[in-house]
Protein chains: 6
Amino acid sequence: MSEIIVQPSFKWQRQDGQDIKVKDWICPIAEISEEPQVVVLGVPLSRSSISASAASEFPNAFRKSWELFTTYYIDEQVDIRALRVADIGDVKMHTTDILQCHHNIRDAMQEVMARHPQSFYVSIGGDHSITAPLVRALSEGKRVGILQFDTHLDLRDLSNGPSNGTPIRQLLEAGVVQGEDVYNIGLHGFYNAPSLIEAAKHYGVNMITLKQMRRKGAQQQIAEVMAELQDKVDFVYVTVDIDVLDIAYAPGVPASTPGGMRTDELFDLLYEVGKYDAVRAMDFVCIDPQRDTSELQTVKAVTYAFLTALCSRYIHLK
Amino acid sequence: MSEIIVQPSFKWQRQDGQDIKVKDWICPIAEISEEPQVVVLGVPLSRSSISASAASEFPNAFRKSWELFTTYYIDEQVDIRALRVADIGDVKMHTTDILQCHHNIRDAMQEVMARHPQSFYVSIGGDHSITAPLVRALSEGKRVGILQFDTHLDLRDLSNGPSNGTPIRQLLEAGVVQGEDVYNIGLHGFYNAPSLIEAAKHYGVNMITLKQMRRKGAQQQIAEVMAELQDKVDFVYVTVDIDVLDIAYAPGVPASTPGGMRTDELFDLLYEVGKYDAVRAMDFVCIDPQRDTSELQTVKAVTYAFLTALCSRYIHLK
Amino acid sequence: MSEIIVQPSFKWQRQDGQDIKVKDWICPIAEISEEPQVVVLGVPLSRSSISASAASEFPNAFRKSWELFTTYYIDEQVDIRALRVADIGDVKMHTTDILQCHHNIRDAMQEVMARHPQSFYVSIGGDHSITAPLVRALSEGKRVGILQFDTHLDLRDLSNGPSNGTPIRQLLEAGVVQGEDVYNIGLHGFYNAPSLIEAAKHYGVNMITLKQMRRKGAQQQIAEVMAELQDKVDFVYVTVDIDVLDIAYAPGVPASTPGGMRTDELFDLLYEVGKYDAVRAMDFVCIDPQRDTSELQTVKAVTYAFLTALCSRYIHLK
Amino acid sequence: MSEIIVQPSFKWQRQDGQDIKVKDWICPIAEISEEPQVVVLGVPLSRSSISASAASEFPNAFRKSWELFTTYYIDEQVDIRALRVADIGDVKMHTTDILQCHHNIRDAMQEVMARHPQSFYVSIGGDHSITAPLVRALSEGKRVGILQFDTHLDLRDLSNGPSNGTPIRQLLEAGVVQGEDVYNIGLHGFYNAPSLIEAAKHYGVNMITLKQMRRKGAQQQIAEVMAELQDKVDFVYVTVDIDVLDIAYAPGVPASTPGGMRTDELFDLLYEVGKYDAVRAMDFVCIDPQRDTSELQTVKAVTYAFLTALCSRYIHLK
Amino acid sequence: MSEIIVQPSFKWQRQDGQDIKVKDWICPIAEISEEPQVVVLGVPLSRSSISASAASEFPNAFRKSWELFTTYYIDEQVDIRALRVADIGDVKMHTTDILQCHHNIRDAMQEVMARHPQSFYVSIGGDHSITAPLVRALSEGKRVGILQFDTHLDLRDLSNGPSNGTPIRQLLEAGVVQGEDVYNIGLHGFYNAPSLIEAAKHYGVNMITLKQMRRKGAQQQIAEVMAELQDKVDFVYVTVDIDVLDIAYAPGVPASTPGGMRTDELFDLLYEVGKYDAVRAMDFVCIDPQRDTSELQTVKAVTYAFLTALCSRYIHLK
Amino acid sequence: MSEIIVQPSFKWQRQDGQDIKVKDWICPIAEISEEPQVVVLGVPLSRSSISASAASEFPNAFRKSWELFTTYYIDEQVDIRALRVADIGDVKMHTTDILQCHHNIRDAMQEVMARHPQSFYVSIGGDHSITAPLVRALSEGKRVGILQFDTHLDLRDLSNGPSNGTPIRQLLEAGVVQGEDVYNIGLHGFYNAPSLIEAAKHYGVNMITLKQMRRKGAQQQIAEVMAELQDKVDFVYVTVDIDVLDIAYAPGVPASTPGGMRTDELFDLLYEVGKYDAVRAMDFVCIDPQRDTSELQTVKAVTYAFLTALCSRYIHLK
Ligand SMILES: [Ca+2]
Ligand SMILES: [Ca+2]
Ligand SMILES: [Ca+2]
Ligand SMILES: [Ca+2]
Ligand SMILES: [Ca+2]
Ligand SMILES: [Ca+2]
Ligand SMILES: [Ca+2]
Ligand SMILES: [Ca+2]
Ligand SMILES: [Ca+2]
Ligand SMILES: [Ca+2]
Ligand SMILES: [Ca+2]
Ligand SMILES: [Ca+2]
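Residues numbered from 1 in each chain as written. Chains lettered and ligands numbered in written order. Predicted model: local features only at pLDDT ≥ 70, side-chain atom pairs only at ≥ 80, totals over all residues. Heavy atoms only, no water.

Trainee: Just to check I follow, could you spell out the interface of chain A and chain B for this structure?
Mentor: Listed by partner, the interface residues are 26 residues for chain A and 27 residues for chain B. A per-residue breakdown of the area chain A buries against chain B is headed by A:Tyr72, A:Ile74 and A:Glu295, which together make up 26% of the total. On the surface where chain A and chain B come into contact, there are two salt bridges. Between B:Lys211 and A:Asp268 there is a salt bridge; the shortest N-O distance is 3.9 Å. Scanning the region where chain A abuts chain B turns up eleven residue pairs in polar contact (both at pLDDT 80 or more). If one sorts the elements of the side of chain A that touches chain B by residue count, helix α10 (residues 297-317) of chain A sits on top with seven residues. The residue makeup of the side of chain A that touches chain B, split by class, is twelve nonpolar, six polar and eight charged. (Contact = heavy atoms within 4.5 Å. Buried area = accessible area lost by both parts, 1.4 Å probe. Salt bridge = Lys/Arg side-chain N within 4 Å of Asp/Glu carboxyl O. Polar contact = N/O pair within 3.5 Å; in protein donor to acceptor, adjacent residues only side chain to side chain. Helix = DSSP H or I, 4+ residues; strand = E, 2+ residues; numbered from the N terminus. Nonpolar A, V, L, I, M, F, W, Y, C, P; charged D, E, K, R; others polar.)

This is the structure:
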């Protein structure tokens, strides 16, 4: 197997039958017989986080939550088990060389693309610094748009290295992405410093606050953003920083905040996102399982969000 | 007193005066002088729960919360102290014979009915398996409708015994209730397996998702359901599985989920339910006080819901 | 310095630059060069609380949260750093003489007014008993209106002393405030006893339930209340009892309740309040940091609310 | 009944039989037929605590724990059910007048003594300020010795009122107790300020550190202290400040500390104390149930300590 | 494979090399090439617990902890990886028929013995009710001694069914074990009712309190007990009820108590136990992972205890 | 000031008087008038930790705990306020370049030594990786011994970079320290892999298990180790990895374990260490405040340990 992608540390005992769980459905890459339609890649890096974070433990926390969900989505009366989803494992990380980690992430994504060129890619962070190398790998020769759900702009200057505060800035500075192709939905409150606003304006990043989104509604908001993006880019990368959610709905992030999005709003937004073939990849970042409640409120929310996005893709794009 | 109904393990020191609390109002059955209009029955059984549950501790947790609420409902400017509510105690349980427990529940409900034939009955679980024997006792010679608030259909097949996953199936298979007379409101997400959907369709159970309810609004949704039910049945049994609530509002259940109902929505629904004389009994199930927050978020929510339902009955049906 | 106002026990290392935090902006009174526009006063008293409370620890918990917020409000694209806000310290308290504490609070507020007559005053409790001496100090020779956000009426009779259950009653009985000038927004549920309702009616206190406010919307509700108040009073005092929030949004209060307000609703209400020059002072009370979650959900909510009110003032009244 | 002693807010449903729990054994005063040998008095005052404390909730937390213990002590193979223990209720408290509370405590203890002159008295705090009025009541016309288990000397000067930092100082200054008759066992670490040491030396208080006690062993240490005390005083009052325990064993106190006593050491010490008829009364103070673990570690430790002391009395003094 | 033993729900990705973890060493039964010397059997039953318990989740919690320990025991400078330990899976359980569960446990143990007659058997509970069917299976045709570490005697009468309060009584009543062959070490405090003491005396069960054990020391205590047992029985079954530990060391049990054993004492006792070839099987019961701390204090303690026992066996009996 | 040492983010309001707290005693370097005898340096680095760690937040958590301790040590009846202790601030860190962080640590320590050559140095981690650069700075031209209190050997090979698993290996490989000059006290259990043992033997590191230390006692153990060390080295560096403590005493570390040291044992050991002038510097590492209990059990333990060491130095070496 790969040098740069390692097996998850545990494997579900998968079971057949009418009533399966997500754990019985998502398949280790080595055991899937047909070409997967969706590839899940763990990216367990969080020593690049500005504030202390155990987001590196989220890929496994995510896998463990698979026994809590079925493959049947009752809101749309659909069973998504026919969608072929493979778990390809985790990017190998170095303990102290963060740049090496970022290189490994880029190389791993390239390897995933090379092996599964037609798949939809879902990366499970890790902190937000992983988005820069992931988009680098995906964007080669393409114009890529970014649809970001975040409380923060992630446009810090790079003087202190590539952290979870810088991924969008890195991509803009490197010319990998253009500012006008970045749409950030969910901004609110007193969490972004002036220099980030200035950078956003300088690069032309599209800032859409949570209140603006609420006035439009999820469906129209995504429709408008995707209409604009589809005219400009070859494909769209969706990045979901879970700190976009309100602290009442997602305490398990390094910087949980009041004034944020509700989970039902995020689920609706991702359901809309799932309708667009232009979306080629997505990630979920900045979930710290050590800060989650004992009932796993945040981890469960992410798995629900992930399933909602896949379910919508299955319904609309199969 | 009864062989099958035992006194609660503690008793409030009740006080008189203008400003009483719920603890001063709800009366031990032995101390009430007039016929009660509402009888509260504790059903402390949860060894029948599929996943580990301490819902057996909820009847007492519920009673302890009575000191946190007054009898005055400021939203409607009404004091409900004139409603005569009696606490009749708990169904006696066996430590290891679950079928015996279920028989005791049925027998206890029959005894309650025999002694207080005109009352409204509120059972405090316990897990959802208690609903089957309760409805059995209540339905003799009557056509009964079920209005269920739940994240799950509770239609598992009976091969593994009568658990909290099977009560509706039990009642349907036994012909105690007809599928068309069951309305489940609040379904959402990835929590029901295909065989349950199949069973729901086979029996004609009415599935109303949370999103559908939200589009209609609580008032219209309940009006429509009750209009249909009143045409068909002799009376309606309301069963509230607290896991219908979102994990942000009710973490203290064995299977808390994101994507669920808010407490204010549940309160509105139960206020509507309280308007109908056809509703003869209700239960609250699957609250696990050991998983609740230190501030008793879930326990308090159930007591609020209970009071809202009674308050509405008092306003509309006195 | 003052005998009755003491320095906070710690001081932030304040930093300059483009990207400052609230900790770098709010200035110890001794270090501010120009006259402050806003004065923040800590009132660390909670032994006057009916139920056990560590609200006395909130002023410092509030100050500690200042490193979690920037001065830039992205919803309105405004940086509020030009607003001069000074932290004047805490009212000195006696360990066992609660009346002395209340006198100190009144004297401290008088001293603040004497030294900074043009400022806007924000008091950080402490429990709700502090509002009575604060309003006493502020109201001399003036007709003052009270805009209260609370789950409770705070109209208990005074037979058991001046506690967090009595501040409004104290002000009414003493003729400091008139009942018709008190507007309580956010009332809900089963938390006020009949004698309080009776007192509210007796004094003519305006009771606006959370449901009524929701039907009107924050903007119209505040517009109506302020229109009425501005006709009657010289200035308005705003008091925010954080237990007005739902337990899902603010568990860290001595009596958290289901059925309450969401944080986004409170933020909207305070944004509206910030538009009125007639509002001269406000307080935030009844936050118990020892009951907050490990992620500081309640503390962060109050700081966000405080910033929202100031931000709106800055936008509309500068 | 008394004006100054109020019934507990709840009552256990007591049961007979061979296998009873402590809840079935300790009897409400109104229901006991013979003169009690031990009287338990709740003293729910903690607004007199220097740091915020919910110790006022401990008397009820203590009563609730009675269902977790039997009357049989397996270490000595003895059943203590024959000891007649009565729960006389709680001292009535004022919400804001702390001096009134202290007067009530003194009056209540006098009333208890008047009604049950031959009993052993156990007071359940509350914070340590309660010890001063309790000893005042008990000591009239007698020379009383104090055996204190504490991390602190409680010798603060009285300039800030009678708090949980001052009870011993109050008794010494008032001449109620003599310094040489006070023995404090369990002192350790960096928790007493120099002025307290100075006061201890000035008054001749006997300071015995935890390390000194450990070198002697519980049996010899108590034997020596009691030998000295019995020569000097008429009777001995034992006061147990639960913060004497290590934070690993008793986190639920306002100021838990590392370096403290283990529970087994405290149990051994109280077993020795129970051997002496000269001990006429004891109290347990400064337990804050809101800071305890979810498994009630601290509350259970106090109940075990209480039972151990009574058990030893029963064995040695019956 | 077996009808009555099911695969664990997940499998570790095992790794080779010099530095392995316990997860890399304990082998699924299907993957072990040589005959195992130790067989681990999960027994996920806790609906038979008197008080609510999630001990059914412990077998998997135990397996998950395997990544936290190496195979090298530094106290004795020994690597135990050469010991062949196989994980055979979990006994299949019924959801509501507890007697069926107990039959399955007995049958599963018989099957294990039939397939691996020379192994040492370690059963991982589950609650203490599992010990009765396990010993039944093991004792056929043999005289078996029981060495129990417990806070409780587990000698309740059987009128309420075979629960975690009855296993020793069941074995005595059925004549499977003789009272004189049962040694309970660790008894303390006020946790056993008189009828249990009476039963212990009636049957001649040997009661050794924690204090008695401490006076002897672990080595001598076990030496004495084993000397007596080896004279009488064919083999010894060791049952470790984790509630024998103090609440400071093992909060994660249904009934944690102060006054119990320290973990280092339990480890020493099990190290001594490991020296005796007469010990043929052991179990660990009554661990409730849902009540454990977030740092898994109790779960880790059990795994350490398990490893200590195996390590001692490896050193002394290989 | 320095480029490489930054001010702490907050400053205590220090107070004079007889009864001061540690916060009033330890002095910011800029405010101390005489040459400090002890210099405290914060080293907020933990992205170098193998497992996720928020130890970077410990220097500030340590400073915050200073208000909980006085300067008087009652065990020895000594006030240590005459000892001049200065807080010099924190080493400046880079967000993503861990090697740069390590260089900064070394440079900062060199700067501290240059400015305060006669002081005793206490570094507050951070994770254990900081010990390597600290010792590098201190050891120039000297033979340095290391006295380590740890559950782990920290001798991992360097293939994955300089982490908290490698500091001792780094120093040995680089020849900065000799294996025979390293003494590790407190080793226990199943937490060190064979390659580490092999490395320890290869380099001649002295391994002293917790059990061995307990048999000797703290005083004799330290006396023996220091006698050996003083013969060999120029000075001794003491490094305290708080994970040496048992999980019951110090849950707030990245890898808390059962079977560890009690706090009173650690305090005794550090008291002995404080007697030796040969000890020139020490550090405390691997405390993760985010994993600590709400009562700050681990943080308080470290502050107590720090004070004990300084107190002993003050008594024996002043
Ligand atoms: Ca973010
Ligand atoms: Ca981000
Ligand atoms: Ca359900
Ligand atoms: Ca259900
Ligand atoms: Ca209120
Ligand atoms: Ca209020
Ligand atoms: Ca104390
Ligand atoms: Ca004290
Ligand atoms: Ca037990
Ligand atoms: Ca047992
Ligand atoms: Ca370590
Ligand atoms: Ca280490």
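Past the structure itself, the notes keep going.
Trainee: What is the right way to read the relation of the copies chain A and chain B from this model?
Mentor: Mapping chain A onto chain B is achieved by rotating through 120° and translating by 0.0 Å along the same axis, at an RMSD of 0.0 Å. Within this description, the copies of the chain are treated as partners about a three-fold rotation axis. Considering only C-alpha atoms, the part of chain A nearest the rotation axis is A:Ala248, at 3.6 Å. Looking at chain A, a mere 8% of its interface residues are interface residues in chain B too, so the copies touch through different faces. (Least-squares fit on C-alpha atoms with pLDDT ≥ 70 in both.)

Trainee: So what exactly am I meant to see when it comes to the UniProt feature "binding site: Mn(2+)" (unreviewed entry) in chain A here?
Mentor: Residue and element names in this part refer to chain A. The residues that UniProt annotates with the feature "binding site: Mn(2+)" (unreviewed entry) are His 128, Asp 150, His 152, Asp 154, Asp 241 and Asp 243. A maximum C-alpha distance of 12.1 Å among these annotated residues, which run over 116 residues, shows that they cluster at one spot. With respect to the helices and strands, the residue His 152 is situated in the loop between β9 (144-149) and α5 (167-173). Since its relative accessible area comes to 18%, His 152 is described here as buried. Those residues within four positions of His 152 in sequence are excluded, and the remaining contacts are Asn 184, Leu 187, Tyr 191, Asn 192 and Asp 243. Following the sequence through the fold, Asp 243 ends up in the loop between β12 (235-241) and α9 (263-273). Judged by its relative accessible area of 6%, Asp 243 falls in the buried class. Within the structure, the side chain of Asp 243 is placed 3.2 Å from the side chain of His 152, a separation counted as a polar contact. (UniProt positions renumbered as here; feature names shortened; annotations may be inferred. Buried < 20%, exposed > 50% of the residue type's maximum accessible area, 1.4 Å probe, protein only.)

Trainee: What's the story with the interface of chain A and chain C in this structure? I'm lost.
Mentor: How big an interface is tends to be stated in terms of accessible area lost as the parts join. Listed per partner, the contact involves 27 residues of chain A and 27 residues of chain C. Summed over both partners, the interface of chain A with chain C buries about 2400 Å², with 58% contributed by carbon and sulfur atoms. The three residues of chain A that bury the most area against chain C are A:Phe190, A:Pro194 and A:Pro258, which together make up 30% of that side's buried surface. Linking chain A to chain C there are eleven residue pairs in polar contact (both at pLDDT 80 or more).

Trainee: Is there a simple way to explain the relation of the copies chain A and chain C in this structure?
Mentor: The operation linking the two copies of the chain is a rotation about an axis combined with a translation along the axis. With an axial shift of 0.0 Å and an RMSD of 0.0 Å, the rotation relating chain A to chain C amounts to 120°. When the interface residues of chain A are mapped onto chain C, a mere 7% of them are again interface residues, pointing to distinct binding faces.

Trainee: Sorry, what's going on with the coordination of the calcium ion (ligand 12) here?
Mentor: Metal coordination angles in their ideal form are 109.5 degrees for the four-donor tetrahedron and 90 or 180 degrees for the six-donor octahedron. Residues and elements named next belong to chain F. The coordination sphere of the calcium ion (ligand 12) contains the protein donors His 128 (ND1), Asp 150 (OD), Asp 154 (OD), Asp 154 (OD) and Asp 241 (OD), at a distance range of 2.2 to 2.9 Å. Read N to C, the donor residues that coordinate the calcium ion (ligand 12) are spaced as H-x21-D-x3-D-x86-D. A separation of 3.2 Å is found between the calcium ion (ligand 12) and the calcium ion (ligand 11), which share Asp 150 as a coordinating residue. Each of the two residues, Asp 150 as well as Asp 154, counts as buried. (Donors = N, O, S within 2.8 Å, 3.2 Å for Na, K, Ca; no water.)

Trainee: Please clarify how the pattern of salt bridges should be interpreted in this entry.
Mentor: Close approach of charged atoms lets side chains of opposite charge pair. Counting across every chain of the model gives 126 salt bridges over all chains. The shortest N-O distance in the salt bridge between E:Arg106 and E:Asp107 comes to 3.1 Å. With its nearest N and O atoms 2.9 Å apart, the salt bridge here joins F:Arg63 to F:Asp90. Here F:Asp90 lies in strand β7 (residues 85-91) and F:Arg63 lies in helix α2 (residues 58-64), a separation of 27 residues in the sequence.

Trainee: Would you mind going over helix α3 (residues 98-115) of chain D with me for this structure?
Mentor: Note on helix geometry: an α-helix contains 3.6 residues per turn, so any two residues three or four positions apart are oriented the same way. In this model, α3(D) (18 residues) spans 26 Å end to end at C-alpha, consistent with the 26 Å of a helix rising 1.5 Å per residue. When α3(D) is considered as a whole, its buried residues turn out to be D:Ile98, D:Cys101, D:His102, D:Asn104, D:Ile105, D:Ala108, D:Met109 and D:Val112. Relative to the axis of α3(D), the buried residues are bounded by an arc of 155° and lie together on one face. For α3(D), the elements touching its buried residues are α3 (98-115) of chain C together with β1 (5-6), β4 (38-43), β7 (85-91), β8 (120-125) and α4 (131-138) of chain D. Where α3(D) begins, one side-chain oxygen reaches toward the backbone nitrogen of D:Leu99, 3.3 Å away; that side chain belongs to D:Asp97. (Expected span 1.5 Å × (residues − 1). Arc of directions from axis to C-beta.)

Trainee: Just to check I follow, could you spell out the arrangement of the chains for this structure?
Mentor: Over all C-alpha pairs, chain C and chain E never come within contact, reaching a minimum spacing of 13 Å. Nothing in chain B touches chain F, and the closest approach of their C-alpha atoms is 13 Å.

Trainee: Can you help me understand the coordination of the calcium ion (ligand 9) in this one?
Mentor: All names here are of chain E. For the calcium ion (ligand 9), the full set of protein donor atoms is Asp 150 (OD), His 152 (ND1), Asp 241 (OD), Asp 243 (OD) and Asp 243 (OD), at a range of 2.2 to 2.5 Å. Mapped onto the sequence, the donors of the calcium ion (ligand 9) take the spacing D-x1-H-x88-D-x1-D. Here the calcium ion (ligand 9) and the calcium ion (ligand 10) are spaced 3.2 Å apart, linked through Asp 150, which binds each one. Here Asp 150 is found in the loop between β9 (144-149) and α5 (167-173), whereas its partner Asp 241 is found in strand β12 (residues 235-241), with 91 residues between them in sequence. For the pair formed by Asp 150 and Asp 241, the shared burial category is buried.

Trainee: Hey, could you run me through the pairing of strand β11 (residues 206-209) of chain E in this one?
Mentor: Working note: regular strand, side chains alternate between the two faces of the sheet. Residues and elements named next belong to chain E. Summarising the sheet, strand β10 (residues 182-187) and β11 pair through four bridges and their orientation is parallel. Residue pairing across strands places Tyr 183 opposite Asn 206, the latter belonging to β11. For the crossover that starts at β10, traverses helix α6 (residues 194-203) and ends in the parallel β11, the hand is right-handed. (Pairing = 2+ DSSP bridges. Right-handed = clockwise from strand over helix to strand, strands pointing away.)

Trainee: When you look at the packing of helix α8 (residues 218-232) of chain F against helix α9 (residues 263-273) of chain F in this model, what are you seeing that I'm missing?
Mentor: Residues and elements named next belong to chain F. Close contact between α8 and α9 brings their axes to 9 Å; oriented N to C, the two are set at 40°. With respect to each other, α8 and α9 are oriented oblique. Note on packing geometry: the crossing formed by α8 with α9 is right-handed. Residue-level inspection shows Ala 218, Gln 219 and Ile 222 of α8 in contact with α9, the latter providing Asp 268, Leu 269, Glu 272 and Val 273. For the contact of α8 with α9, the class distribution of residues is four nonpolar, one polar and two charged. (Axes fitted to C-alpha atoms, helices over the stretch in contact; angles between N-to-C directions. Parallel < 35°, antiparallel > 145°, perpendicular 65-115°, else oblique. Left-handed = near helix turned anticlockwise from the far one by under 90°.)

Trainee: Even after reading the chapter, I still don't get the pairing of strand β13 (residues 279-285) of chain E, so can you show me in this structure?
Mentor: Residue and element names in this part refer to chain E. Within β13, six of the seven residues are buried, which leaves it mostly tucked inside the rest of the structure. As paired strands, strand β8 (residues 120-125) and β13 are joined by four bridges and run parallel to one another. Paired with Val 122 across the bridge in β13 is Met 282. Taken together, the six bridges between β12 and β13 define a ladder with parallel strand orientation.

Trainee: I keep staring at helix α9 (residues 263-273) of chain D and nothing clicks. Help me out?
Mentor: Most of α9(D) sits inside the fold, with ten of its eleven residues counted as buried. Burial in α9(D) covers these residues: D:Thr263, D:Asp264, D:Glu265, D:Leu266, D:Phe267, D:Leu269, D:Leu270, D:Tyr271, D:Glu272 and D:Val273.

Trainee: What is the right way to look at the side chain of C:Ser123 in this model?
Mentor: One can find C:Ser123 in strand β8 (residues 120-125). If we skip the residues at most four places from it in the chain, C:Ser123 touches C:Leu41, C:Val43, C:Met109, C:Leu134, C:Met282, C:Asp283 and C:Phe284.

Trainee: Quick question: what am I supposed to make of the environment of E:Val39 here?
Mentor: All names here are of chain E. Topologically, Val 39 is positioned in strand β4 (residues 38-43). Take Val 39: its relative accessible area is 1%, and that puts it in the buried class. Here the alpha-carbon distance between Val 39 and Asp 90, two residues 51 residues apart in the chain, equals 12 Å. Non-local contacts of Val 39, meaning those with residues more than four positions away in its chain, are made with Ala 86, Ile 88, Val 112, His 116, Ser 119, Phe 120, Tyr 121 and Val 122.

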